[in-house]
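One letter stands for each residue in the lines below.
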Amino acid sequence: MAAIIIIPIIIVAIVGLSGYLAYRFLIYDLYCKRSVNQSLRKYNIKKTPSQIIKEYYDNKGEQISHQEIQNLEKNYRQNEPDQFLAMYDVIRENLKDKE
């Protein structure tokens, strides 16, 4: 008798948890990535977010690995999407100052 109640609850919990995890780790990140790419296209920026991060840190004189670039890109993409535009502005200002 208890199995009639417990089995559906377990199934619903598993489906709910897997749905949440799929959203949190796949769909949310894709949505954030799409949003950042649209922002860059809106301002006619031809560089990818990873290129912007790499150039920004190169201009600062810091060498960072590809893995660090990916981690920073994901963090900025999900938590601070305007950071890409700010970094691009700094890169553009540095190019103007060098000329």
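Up top is the structure these notes are about.
Residues numbered from 1 in each chain as written. Predicted model: local features only at pLDDT ≥ 70, side-chain atom pairs only at ≥ 80, totals over all residues. Heavy atoms only, no water.

A. Summary view of the pattern of salt bridges. In total, this model carries 6 salt bridges according to the counting rule given. Between Lys47 and Glu55 there is a salt bridge, and its shortest N-O distance comes to 2.5 Å. Judged by its relative accessible area of 22%, Lys47 is partly exposed. Residue class for Glu55 comes out partly exposed when judged on its relative accessible area of 28%. Among the ionic pairs, Lys60 bridges to Glu62, the shortest N-O distance being 3.6 Å. Using a relative accessible area of 34% as the deciding quantity, one classes Glu62 as partly exposed. Salt bridges sharing partners connect three or more residues here, namely Asp29, Glu73 and Arg77. (Salt bridge = Lys/Arg side-chain N within 4 Å of Asp/Glu carboxyl O. Buried < 20%, exposed > 50% of the residue type's maximum accessible area, 1.4 Å probe, protein only.)

B. Quick peek at the nonpolar core. Counting residues in hydrophobic clusters, the biggest one holds 14 residues, and the most contacted among them are Leu40, Ile45, Ile52, Ile53, Tyr76, Phe84 and Met87. Within the residue set of this core, elements represented by two or more residues are helix 1 (2-42), helix 2 (49-60), helix 3 (66-79) and helix 4 (83-98). If one sorts the elements of this core by residue count, helix 4 sits on top with 5 residues. Aside from chain neighbours lying at most four places away, what touches Tyr76 is Ile53, Tyr57, Pro81, Gln83, Phe84 and Met87. (Core = buried A, V, L, I, M, F, W, Y, C linked by side-chain atoms within 4.5 Å. Helix = DSSP H or I, 4+ residues; strand = E, 2+ residues; numbered from the N terminus. Contact = heavy atoms within 4.5 Å.)

C. Region of interest: the environment of Lys98. With respect to the helices and strands, Lys98 occurs in helix 4. According to the relative accessible area criterion, Lys98 is exposed, its value standing at 65%. Linking Lys98 and Tyr76, residues 22 residues apart in sequence, is a C-alpha distance of 27 Å.

D. Region of the structure containing the packing of helix 3 against helix 4. The geometry of helix 3 relative to helix 4 is characterised by a closest axis approach of 9 Å and an angle of 120 degrees between their N-to-C directions. Taken as axis vectors, helix 3 and helix 4 run oblique relative to one another. Two secondary-structure elements touch here, helix 3 through Glu73, Tyr76 and Arg77 and helix 4 through Gln83, Phe84 and Met87. Here the residues of the contact of helix 3 with helix 4 sort into 3 nonpolar, 1 polar and 2 charged. (Axes fitted to C-alpha atoms, helices over the stretch in contact; angles between N-to-C directions. Parallel < 35°, antiparallel > 145°, perpendicular 65-115°, else oblique. Nonpolar A, V, L, I, M, F, W, Y, C, P; charged D, E, K, R; others polar.)

E. A look at the packing of helix 1 against helix 3. Relative orientation of the contacting elements helix 1 and helix 3 amounts to 85 degrees, with a least axis distance of 9 Å. Between helix 1 and helix 3, the crossing angle belongs to the class labelled roughly perpendicular. Residues Tyr28, Asp29, Cys32, Lys33 and Val36 of helix 1 touch helix 3, and the partners they reach there are Lys74, Arg77 and Gln78. The class makeup of the residues in the contact of helix 1 with helix 3 is 3 nonpolar, 1 polar and 4 charged.

F. The arrangement of the side chain of Arg77 in detail. Structurally, the position occupied by Arg77 is in helix 3. Residue Arg77 is classed as buried on the basis of its relative accessible area of 10%. Reaching out from Arg77, the side chain makes a polar contact with the side chain of Asp29 at a distance of 3.0 Å. In this structure, Arg77 is in contact with Asp29, Cys32, Lys33, Val36 and Phe84, ignoring residues within four places of it in sequence. (Polar contact = N/O pair within 3.5 Å; in protein donor to acceptor, adjacent residues only side chain to side chain.)

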